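# Inside the fold
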Amino acid sequence: MTIRRAIDEARALLDEVISHHYGLKDIAYDVAEPKEEQYGDLYSNLAFQLSKLLRKSPSAIAEEVCSACTKIIAKYRMIREVEPHSAGYINFRLDMHELARITLEEVKSKGKAYGSRDIGKGKRVLIEHTSVNPNKALHIGHVRNLVLGDTIYRILRFTNHNVVVLNYVDDSGLQVADIVVGFKFLNFPQNGSKKFDHYCGDDVYVKVNEMYEHDRSLLERRREVLKAMEDYNSDIARFAREVTSRVLDEQLKTCWRLNARYDCLNFESQIIASRLWDRALSILRASGIVKMDDNPSSKYYGCLVVKAGVEGEEKVLVRSDGTATYIAKDIPYAMWKLGILEDPFKYVKYTEQPDGTVLWATSLDHDGSSLHINGADIAITVIDVRQSRLQRIITKILSMLGSDDGRYRHLPYEVVALSSSTARLFNIEIGDRRFAHMKGREGIYINADDMLDRLHTKAYEEVKVRNPEADEQWLHRTAESIAVAAMRYSMLKQDLDKIITFDIEDALNLQGESGQYIQYAYARASRILEKASSIVVRARKEEGEGKEGVRVGVGEGEGVGEGADIDIDTSSTHLLGKDEMVLVKAIARFDLMVEDTVKSLNPKTLARYCYSLAMIFNEFYEKVPVLHEQDTNLVKARLSLVKAFMYTMSNCMSLLGIDALERM
RNA sequence: GGGCCCGUAGCUCAGCAUGGAUAGAGUGCCUGCCUUCUAAGCAGGUGGUCGUGGGAUCGAAGCCCACCGGGCCCGCCA
């Protein structure tokens, strides 16, 4: 938060020089942190930007600017020096004591809100993620979707967006029909020995698809099932809802396990039954966006067609037999999200989630609650990049209906694939390729629960060694948090447009850049404060209340006592040295990272920041003694810094959905 | 055939939006460091024609063009 203030000051200083010394204004230039410490605390590329205009070399301009700056620098509290670099950069040195003081003060006053800014102004955002077909368990590809969506939800909520999270349940699609065929026509038992979603996905779905290969008549069965499911009140439709809701309930357990939560489930069967499509269609017809193709020689003769792609690409919405296509189901849903269509739904409580919030579900019953779910300022749909074309068409249709650009936003991301060595475990030989795609129908994927279990087991062993006296419940809770952190971080750290090549061995390696590294840094900090407070308590008991010379004199009179915490005290921050300042600066740029992430909707930025913050703390931890320092005031200052780190880290981890553990 | 994306160290990836300072991490491999706040850590070493070629620029990993290699999308399937 305070790096931002320093940047603002540096800009103000440079602007003053630009206008007074050169008589110029509105020059575009950057002020940012350099990648290396030797180049100062901030740098600007102003001299490069001015060099064409002034027809002088960047380094000459840098020198001029710096000497002009130096004359008026006294006004600017945070900036201590401005010096030119021969390459042409203008480098700033900050008053680090001032930076440390105001940073710690800000962390102290904001606490859990540290790093938050009012970016959203209360804007209503609807975000849809997860949306896994309810015929199988989540695999690691779905996990990427969920983790991205849930993290963006957390970050938007933190920056004052009014966010509603949707999970779309396609309970009337082809994949559900596949398992219905299995249960109704192939006599698969309706209870497997494993978790029901795993059973349906790993066994029923895969085997039914195998059988299609040998028995083409089964495809006819599937068509019948699909048709029957369209009638909301048919026996098949009822049965399908029964099965899908059992699968869904198991899927939700996995989602919650991953620290995700939702506000509302939207069932496709209900969207269809609500006649939302008819109303959407009449709007589309009235606005002339869709047209009946009446040219007998056209390939789309008799179809209702939309022209919405690039280069006038056409897309069929209603077939010549009057049935709607796949994309036609998405259009009314998207219109509903933005409030273009009036809400036909009532809402019922589906269940209470582990975080205590209510999960609602759409309902067609008249006695449900009328909530205000739809009608958002912005609707974000998290779906992988393969859906980009369809999503672009939907976006185009919405903009033709007059919705402002950017209100409907597809967040595309690349898929998760298997590394060559992991692929080999599935007996896939991929030659010299670097990865192999997962295939649901062929059973080639890694289930989320299975991977979490393996991570859990691995973490459990390690935690047990480190905490031999701890009880089982605590050990498992801790191992679970570590497993989830590992999973979430591995999905977040990579850029959205890169395929994640998932390697089981790599994922199980508990070293290096990972979720547990982040948790470890926090746990180390936490132990310092824990010991500090027990020292304070002991010292007080031994020496009596109010006596001077208490070994660790922090937070006198406030929050010190049995089990009490250490609070941030900024009276001694001037004692902090160079090694501590690296950590101060890292803490001070948290909000810049948050803002960056909101703008790009790419959580990678924040994930990597969180890792770098952990790394910087670990360096601090090795280099700088806190409790073993002799100078009581310096101990106080360092403890305050550790505490500030913990607030920042905890806020950042919470945005990533990673549990902050006091001990591990 | 058309469209989108990727290509940086043995491997997995940052950096590219907005060109500028000796191209960075993790992992792997090799060395050190637990009688001091948790060694899931830290320090050091190893490792790079930034896919190739051209162009504009004082200056390119980044911008433009072409090509090569890989992936995805393009149905009256869902």
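Moving on, we come to the protein's contact with RNA strand B. Near RNA strand B there are 66 residues, and of these Gln38, Tyr39, Tyr89, Arg466 and His628 occur at the shortest range. Here Tyr300 contributes a side-chain N or O atom positioned 2.6 Å from a phosphate oxygen of RNA strand B. Side-chain polar atom of Gln494 to a phosphate oxygen of RNA strand B: 3.1 Å apart, as the coordinates give it. Listed by contribution, the elements that provide at least two residues to the surface near RNA strand B are helix 12 (326–337), helix 13 (388–400), strand 16 (435–437), helix 15 (448–466), helix 18 (515–543) and helix 21 (604–623).

Right, let's get into the pattern of salt bridges. Counted according to the given criterion, the structure contains 45 salt bridges. Arg4 serves as the salt-bridge partner of Asp591, at 2.7 Å between the closest nitrogen and oxygen. On the criterion of sequence distance, the pair formed by Asp591 in helix 20 (residues 590–600) and Arg4 in helix 1 (residues 2–21) is long-range, its members being 587 residues apart. Residue classification places Arg4 among the buried residues on the basis of a relative accessible area of 14%. Between Glu513 and Arg608 there is a salt bridge, with the nearest N and O atoms lying 3.5 Å from each other. Taken as a pair, Glu513 in the loop between helix 17 (504–508) and helix 18 and Arg608 in helix 21 lie far apart in primary sequence, 95 residues in all. Judged by its relative accessible area of 27%, Glu513 is partly exposed.

Here the focus is the nonpolar core. If you look at the biggest cluster of nonpolar residues, it comprises 147 residues, and the most contacted ones within it are Ile140, Leu606 and Phe645. Of the residues forming this core, the biggest block, 13 residues, is contributed by helix 22 (residues 632–656). Two domains each put at least three residues into this core: domain 1 (3–94) and domain 2 (515–656). Leaving out residues up to four positions away in the same chain, Leu606 has contacts with Ile155, Phe590, Met593, Val594, Thr597, Cys652, Leu655 and Leu656.

Turning next to the domain arrangement of chain A. Buried accessible area, meaning the area lost when the parts come together, often serves as the stated size of an interface. Each domain of chain A was delimited in the assignment, giving domain 1 (3–94) and domain 2 (515–656). Across the domain 1/domain 2 interface, buried area totals approximately 620 Å², and carbon plus sulfur atoms make up 44% of it. On the domain 1 side of the interface with domain 2, the three residues burying the most area are Ile3, Arg4 and Glu33, jointly 75% of the side's total. For the interface between domain 1 and domain 2, the tally reads 4 salt bridges. For Arg4, the salt bridge identified is with Glu595, shortest N-O distance 3.0 Å. On inspection of domain 1 and its partner domain 2, the count reaches 5 residue pairs in polar contact (both at pLDDT 80 or more).

We now examine the environment of Asn651. Looking at where Asn651 falls in the secondary structure, it is placed in helix 22. A residue is classified by how much of its surface remains accessible, and Asn651, at 6% relative accessible area, is buried. With 161 residues separating them along the chain, Asn651 and Ser490 place their C-alpha atoms 19 Å apart. With residues near it in sequence (within four places) discarded, Asn651 still touches Gly111, Lys112, Ala113, Tyr114 and Phe590.

Below, the discussion takes up unusual backbone geometry. At Asn187, a residue that is not glycine, the phi angle is positive and equals roughly 55°. Examined against the element boundaries, Asn187 turns out to sit in the loop between helix 6 (174–185) and helix 7 (196–214).

This next bit is on the sheet that holds strand 10 (residues 314–318). Pairing in this open sheet of 3 strands is antiparallel, and the strands run 8-9-10 from one edge to the other. The open sheet has two free edges, formed respectively by strand 8 (290–292) and strand 10, since each of these has just one partner strand. Strand-to-strand twist across the sheet, computed as the mean angle between neighbouring axes with direction ignored, equals 40°. In terms of strand pairing, strand 9 (residues 304–307) meets strand 10 through 4 bridges, oriented antiparallel. From the neighbouring strand, Leu304 faces strand 10, where its bridge partner is Val318.

Glancing now at the pairing of strand 9. With 3 bridges connecting them, strand 8 and strand 9 associate as antiparallel partners. For Val290, the partnering residue across the bridge sits in strand 9 and is Val306.

For the rest of this paragraph, the subject is the layout of surface pockets. Over the atoms, a rolled probe matching the size of one water molecule traces out where space is still vacant. Considered as a void within the structure, the second largest pocket measures approximately 580 Å³ in volume. Lining the second largest pocket we find 23 residues, and of these Glu37, Asp41, Met581, Val582 and Lys585 sit closest to its centre. Sorting the residues of the lining of the second largest pocket by element identifies helix 4 (96–110), helix 19 (578–588) and helix 21 as the ones contributing at least two each. No other element matches the 6 residues that helix 19 contributes to the lining of the second largest pocket. Taken together, the residues of the lining of the second largest pocket sort by class into 8 nonpolar, 2 polar and 13 charged. Each of domain 1 (3–94) and domain 2 (515–656) accounts for three or more of the residues forming the lining of the second largest pocket.

Thresholds, definitions, all that
- Residues numbered from 1 in each chain as written.
- Chains lettered and ligands numbered in written order.
- Predicted model: local features only at pLDDT ≥ 70, side-chain atom pairs only at ≥ 80, totals over all residues.
- Heavy atoms only, no water.
- Near = heavy atom within 4 Å.
- Polar contact = N/O pair within 3.5 Å; in protein donor to acceptor, adjacent residues only side chain to side chain.
- Helix = DSSP H or I, 4+ residues; strand = E, 2+ residues; numbered from the N terminus.
- Salt bridge = Lys/Arg side-chain N within 4 Å of Asp/Glu carboxyl O.
- Buried < 20%, exposed > 50% of the residue type's maximum accessible area, 1.4 Å probe, protein only.
- Core = buried A, V, L, I, M, F, W, Y, C linked by side-chain atoms within 4.5 Å.
- Domains from an automatic or database assignment.
- Contact = heavy atoms within 4.5 Å.
- Buried area = accessible area lost by both parts, 1.4 Å probe.
- Pairing = 2+ DSSP bridges.
- Axes fitted to C-alpha atoms, helices over the stretch in contact; angles between N-to-C directions.
- 1 Å grid on protein atoms, 1.4 Å probe; cavity = no way out; pocket = protein on both sides within 12 Å on 5 of 7 lines; lining within 4 Å.
- Points joined across faces, edges and corners; volume = space filled by probe spheres on them.
- Nonpolar A, V, L, I, M, F, W, Y, C, P; charged D, E, K, R; others polar.

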